[in-house]
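Remarks on the overall topology
Residues per chain, in single letters:
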Amino acid sequence: MYFGLSEEQSFFKDNVKKYLEDNASLDQIRQIASGDEAHTSKEIHRGFLNLGISGLLIPEEFGGLGLDLLFAAVVSEGLGSCIGPVPYIAPYVMAPTAILAAGSQAQKEQYLTKIASNEIQIGVGFSEFIGSRNDAGLIFDNGILRGRAMFVLDAQTATHLLLADSLGQMFIVDAKSSSIEVITLTTVDKTRQYAEIICTDTPAEVLEQSSASQDHIVKAIEAGRIMLAADTLGASQTMIDQAVDYAKERKQFGRAIGSFQAVKHMCAEMVADLEPCYALVWHAAHCHEGSPDEAKLMACHAKAHISEMGKGIAKKATEVHGGMGFTDLLGLHYWFKRIGMNRQLLGSPELIREEAMKYQLQKK
Amino acid sequence: MDLEYGPEYIEFTAEVAKFCKQYQGLSFKDGPKTPFASSGASRGAEMHRSEWQKILIEKGYFARSVPKEYGGYGGAADMLKTRIIAAEFSKSKTPTPMGGQGIDMLVPTLLELGTEEQKQRYIQPTLHGEMIWCQGYSEPGAGSDLASLQTKGELINGEWVINGQKIWTSTAQFSQMCFCLVRTEPDAPKHAGISYLLIPMDTPGIEVRPLVDMTLKPGFNEVFFTDVKIPEGNIIGKRGEGWAVANATLGHERGSLAPPDATMSRLNMLIDLMKNETLDGQPLIEHPIYRDRLMQIQGKVLAQQSHGLRLLSAKLNPGTDVKIGKMIQKLTGTELRHELEGLAIDVMGEIGTLYEQSPHIKNDGTWQLTYMYFLGLIIGGGTSQIQKNIIAERGLGMPKEPKIQGA
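**Description of the overall build of chain A**
- In terms of regular secondary structure, chain A is built from 13 helices and 10 strands.
- For chain A, the spread of C-alpha atoms along the three principal axes comes to 75 × 55 × 40 Å.
- Across the 364 residues of chain A, 56% fall into the buried class.
- The contacts in chain A between residues at least 6 apart in sequence include a share of 74% that link residues at least 24 apart.

**A closer look at the overall build of chain B**
- Looking only at helices and strands, one finds 12 helices and 12 strands in chain B.
- For chain B, the C-alpha radius of gyration of 23 Å lies close to 22 Å, the compact-globule estimate for 407 residues.
- Taking all 407 residues of chain B together, 37% fall into the buried category.
- Long-range pairs, those at least 24 residues apart, make up 66% of the contacts in chain B with a sequence separation of at least 6.

**A word on the interface of chain A and chain B**
- Opposite the 36 residues of chain A that make contact, chain B presents 40 residues.
- Put simply, the parts of the chain that give the side of chain A that touches chain B at least two residues each are α8 (215-249), β10 (255-256), α9 (261-287), α10 (293-320) and α13 (349-362) of chain A.
- Here the element with the most residues in the side of chain A that touches chain B is α9 of chain A; it accounts for 16 residues.
- The residue inventory of the side of chain A that touches chain B, partitioned by class, reads 20 nonpolar, 9 polar and 7 charged.

**With respect to the packing of helix α4 (residues 69-81) of chain A against α9 of chain A**
All names here are of chain A.
- Where α4 meets α9, the axes come as close as 8 Å, and the angle between the chain directions of the two elements is 145°. When α4 is examined against α9, the residues Leu69, Leu70 and Ala73 are found in contact with a partner set consisting of Val281, Trp282, Ala285 and His286.
- When its residues are assigned to classes, the contact of α4 with α9 shows 6 nonpolar, 1 polar and no charged.

**Remarks on the environment of Ala317 of chain A**
All names here are of chain A.
- Mapped onto the elements, Ala317 comes out in helix α10.
- Taking the C-beta count within 10 Å as the criterion, Ala317 has 27 such neighbours and is therefore assigned buried.
- The spatial distance from the C-alpha of Ala317 to the C-alpha of Ser236 is 8.7 Å, given a sequence separation of 81 residues.
- With sequence-adjacent residues up to four places away left out, Ala317 is seen in contact with Met239, Ile240, Gln242, Ala243 and Met270.

**What about the nonpolar core?**
- Ranked by internal contacts, the top residues of the largest apolar core, which has 161 residues, are Ala73, Ala98, Ile226, Cys267 and Val281 of chain A.
- In contact with Ala98 of chain A, other than residues within four places in its own chain, are Leu162, Met170, Leu207, His216, Ile217 and Ala220 of chain A.
- The next biggest cluster of nonpolar side chains, apart from the first, holds 48 residues, and it includes Val16, Leu149, Ile236 and Val245 of chain B.

**So, the domain arrangement of chain A**
All names here are of chain A.
- When cut into domains, chain A gives domain 1 (7-116), domain 2 (122-211) and domain 3 (215-362).
- One C-alpha centre belongs to domain 1, the other to domain 3; they are set 21 Å apart.
- Listed per partner, the contact involves 21 residues of domain 1 and 27 residues of domain 3.
- The set of elements that each furnish at least two residues to the side of domain 1 that touches domain 3 consists of α2 (26-34), α4 and α5 (89-102).
- Per-element accounting of the side of domain 1 that touches domain 3 gives the leading share, 10 residues, to α4.

**A short note on the domain arrangement of chain B**
Residue and element names in this part refer to chain B.
- The domain architecture assigned to chain B consists of domain 1 (7-99), domain 2 (133-242) and domain 3 (257-395).
- Distance from the C-alpha centre of domain 2 to the C-alpha centre of domain 3: 33 Å.
- Partitioned by chemical class, the residues of the side of domain 2 that touches domain 3 number 2 nonpolar, 2 polar and 1 charged.

**Digging into unusual backbone geometry**
- A positive phi angle is found at Asp154 of chain A, which is not glycine, with a value near 55°.
- Examined against the element boundaries, Asp154 of chain A turns out to sit in the loop between β3 (144-153) and β4 (160-164).
- Take Asp154 of chain A: there are 25 C-beta atoms within 10 Å of it, and that puts it in the buried class.
- Positive phi is not limited to glycine here, since Glu356 of chain B has a value of about 55°.
- By the secondary structure assignment, Glu356 of chain B is in the loop between α10 (329-348) and α11 (366-379).

**Considerations on the pairing of β3 of chain A**
All names here are of chain A.
- Relative to β3, strand β2 (residues 137-141) runs antiparallel, the two being bridged by 5 bridges. When the sheet's bridge partners are listed, Asp141 is paired in β3 with Ile144.
- Between β2 and β3, which follow one another and run antiparallel, lie 2 residues, and Asn142 among them has a positive phi close to 55°.

**Considerations on the packing of α9 of chain A against helix α12 (residues 384-395) of chain B**
- Two elements in contact, α9 of chain A and α12 of chain B, have axes whose closest approach is 8 Å; the angle formed by their N-to-C orientations is 90°. Comparing their axes, α12 of chain B and α9 of chain A come out roughly perpendicular. Each of Gln261, Lys264, His265, Cys267, Ala268, Glu269, Val271 and Ala272 of chain A in α9 of chain A lies in contact with α12 of chain B, whose residues at this interface are Lys388, Asn389, Ile391, Ala392 and Gly395 of chain B.
- Split by residue class, the contact of α9 of chain A with α12 of chain B holds 6 nonpolar, 4 polar and 3 charged.

**Section: the confidence of the model for chain B**
Residue and element names in this part refer to chain B.
- Looking at chain B, the pLDDT average stands at 91 and 94% of residues meet or exceed 70.
- Here residues 33-42 is a poorly scored stretch, pLDDT under 50, and it has 30 contacts once near neighbours within four places are set aside; other chains count.
- Here the prediction assigns the complex a pTM of 0.93, and the interface score ipTM is 0.96.

**Focus: helix α3 (residues 38-49) of chain A**
Residues and elements named next belong to chain A.
- When the terminal C-alpha atoms of α3 are compared, their 17 Å separation across 12 residues agrees well with the 16 Å that a helix rising 1.5 Å per residue should span.
- Along α3, the residues classified as buried are Ser41, Ile44, His45 and Phe48. Taken around the axis of α3, the buried residues stretch over an arc of 100°, which confines them to a single face. Within α3, the exposed residues directed more than 90 degrees away from the buried face are His39, Lys42 and Arg46.
- At its buried positions, α3 is contacted by α1 (7-23) and α2.

**A closer look at the environment of Tyr70 of chain B**
Residues and elements named next belong to chain B.
- Along the polypeptide, Tyr70 turns up in the loop between α2 (49-59) and α3 (79-92).
- According to the C-beta neighbour criterion, Tyr70 is buried, with 21 such atoms within 10 Å.
- Contacts of Tyr70, omitting those with residues within four sequence positions, involve Lys119, Gln120, Ile123 and Gln124.

**Re the environment of Tyr23 of chain B**
Residues and elements named next belong to chain B.
- For Tyr23, the position within the fold is in the loop between α1 (7-22) and β1 (27-28).
- Sequence separation of Tyr23 and Lys152 is 129 residues, and the distance between their C-alpha atoms is 47 Å.
- Sequence-distant contacts of Tyr23, that is, excluding residues within four places in its chain, are made with Ala45 and Thr94.

**A word on α8 of chain A**
- Taking 1.5 Å as the rise per residue, α8 of chain A with 35 residues should run 51 Å; its terminal C-alpha atoms sit 51 Å apart, in good agreement.
- Counted residue by residue, α8 of chain A has 28 buried out of 35 residues, so it is predominantly covered.

The rules behind each value
- Residues numbered from 1 in each chain as written.
- Chains lettered and ligands numbered in written order.
- Predicted model: local features only at pLDDT ≥ 70, side-chain atom pairs only at ≥ 80, totals over all residues.
- Helix = DSSP H or I, 4+ residues; strand = E, 2+ residues; numbered from the N terminus.
- Buried ≥ 20, exposed ≤ 12 C-beta atoms within 10 Å, placed from the backbone.
- Contact = placed C-beta atoms within 7 Å.
- Rg over C-alpha atoms; globule rule 2.2 N^0.38 Å.
- Nonpolar A, V, L, I, M, F, W, Y, C, P; charged D, E, K, R; others polar.
- Axes fitted to C-alpha atoms, helices over the stretch in contact; angles between N-to-C directions.
- Core = buried A, V, L, I, M, F, W, Y, C linked by C-beta atoms within 7 Å.
- Domains from an automatic or database assignment.
- Pairing = 2+ DSSP bridges.
- Parallel < 35°, antiparallel > 145°, perpendicular 65-115°, else oblique.
- pLDDT = per-residue confidence, 0-100.
- Expected span 1.5 Å × (residues − 1).
- Arc of directions from axis to C-beta.

Following this line, the structure appears as structure tokens:
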């Protein structure tokens with residue numbers, strides 16, 4: 001019995017972190033955030049893919065590495081800890097998971113092979129299925145997709161989009177088609193891309209099995225949620241580390257502020273909240289493959305629980321920094337916002353807990 | 001990641017399950033000796049507790065790694081087997097082996113630091129439940145700052161003469177023995193002036209007064225020592241080494257106060273309760289706010305259970321660093337359990353306030369009792385605030401508060 005990361009997984013995580021620390025400094029992230037460095041962003045993305053990211057989850061028969069979701073989760077944790085400004089969850093986790101689960105053999109050969117070889121990149125928009133807001137909505141009829149999808153992930157740099165309707169059917173469309181309008185949504189999180197997609201009579205290809213069962217889209221969403229949980233895990237750990245370091249250095253009343261219990265207890269609380277989250281994310285990622293009810297429950301709680309813990313940590317870690325935490329000088333707010341964004345994506349905690357309740361009641 | 005135990009353990013699980021089935025419904029002629037020892041379901045075989053302890057030792061389900069010559073099973077410590085035993089006993093509601101401070105704290109201390117004669121004399125009767133121990137640590141003036149304790153021990157004519165008072169002494173009223181921290185070197189610095197003494201509770205000069213706690217049960221006692229005389233040899237370690245001796249076992253207590261499996265089984269009880277109890281004709285589990293609170297707790301319990309597996313794995317696979325992971329156990333385990341019990345009370349509303357033998361009470365009143373009991377555990381065994389100091393100072397390396405002169 002061994003519960004934890006393998007040497008290879010730890011190595012993978014360290015590689016991702018090291019790459020980002022060397023190539024995506026806070027200054028570069030600031031440039032990307034201010035919108036004038038699309039070039040830097042592409043460079044970082046290219047180097048990131050050189051680590052073997054695009055083929056991570058794709059089986060070897062389609063040219064990938066065939067690794068499991070725990071590998072993908074540790075990459076996500078690494079990205080979160082360095083607020084990596086690169087597309088990841090949509091193109092390299094959710095899209096391959098969906099295509100593997102619901103694609104025909106021909107679709108798998110066509111798309112998975114090209115994802116692994118970096119020929120295509122697929123953005124993902126499942127918000128219609130997870131919880132449609134206001135007047136959004138996608139209608140599929142006779143090979144044609146019409147309507148609007150919100151908060152589509154990584155659409156701006158994508159060659160293709162994977163969209164879902166409210167029934168959980170999944171469609172692949174050409175992102176560069178003239179019938180597609182990509183509108184950038186400006187969120188608080190400037191480290192990743194979010195878009196609104198408007199389809200005007202867009203030709204769309206259904207992922208073959210997705211009309212027959214919602215299990216496939218659910219599986220892809222679970223994978224995405226576990227990634228978001230891992231991202232928040234990494235981001236929260238960085239915030240705690242920074243707060244602890246700051247509290248050891250900063251002096252007031254003639255002593256390090258970390259010697260005051262009011263401050264050190266906040267640090268201890270953050271650690272006590274976060275530490276069990278590692279095991280929860282690893283466990284959820286490990287269980288994902290088999291996906292019995294227990295795994296579904298685990299994926300829901302990984303996302304919902306870590307969203308709650310992350311929210312508290314983002315607040316406390318900022319407070320430990322006092323006024324400096326509130327400024328742009330330290331850049332702490334990039335982590336704060338990334339955690340805040342992860343919390344809302346692919347279902348807010350309340351929505352996901354309601355799903356968890358349904359799985360719990362289905363359990364025998 | 002490999003969550004399989006392996007074939008040897010699958011076989012062992014079946015063996016334990018069979019044993020549990022055989023003794024299902026066992027009850028005791030002499031009742032449970034410690035407040036939270038399970039008495040099991042009734043309508044089965046009846047025996048004395050010590051007989052049960054002996055059966056469990058013989059099978060290797062209890063005192064597994066205690067050497068045979070001291071009354072244990074004499075096997076290698078096996079964390080997975082320990083876990084399987086606990087899980088199977090809990091699943092089948094078979095009475096668990098006795099716990100208590102003698103078994104959980106004194107026996108490991110003796111095995112590590114006791115003399116041969118002490119091991120021979122004390123371990124076997126303790127394991128059999130024939131010698132109950134209480135822990136004489138805290139004093140009215142020495143709680144979180146335990147090392148400031150003042151109960152005095154003087155060596156006069158080859159005997160320790162003890163004067164002072166202890167408090168929060170669970171099970172003192174049933175105990176034959178007390179392991180006690182006493183200041184024997186008044187001139188030494190505070191941590192270096194303490195000795196770890198073993199005091200027979202029937203020695204003249206000992207008075208035990210029950211201390212009723214908020215559950216209205218006499219969970220604790222105050223113990224008064226007036227010129228209590230015990231032999232010079234009733235000491236573990238040397239004079240002045242008592243602090244180190246006590247610390248060898250304190251860590252053990254902290255981990256075991258709120259095991260995740262017990263919390264999970266309470267959560268499942270709460271889910272059943274919410275399926276069965278109704279509000280305006282609707283099961284509580286269908287009430288959107290209550291069910292959201294339930295699911296929030298389930299998230300925490302699952303995280304803690306997975307964390308427990310991570311810690312277990314670290315014990316089986318040396319070299320894994322889980323230092324902070326262990327430090328948070330007492331804090332998070334007791335706080336979560338208190339929160340869970342409190343939710344059960346909230347969902348029941350007024351029904352949740354029923355206590356003792358009231359009509360309409362649910363689950364024998366355990367929700368209120370355990371809600372309060374865990375507030376006690378949040379405070380006892382090192383308060384949550386002390387735990388946070390430990391996590392911050394020893395775990396994160398944060399600076400200590402400046403010392404006040406003379407404290």
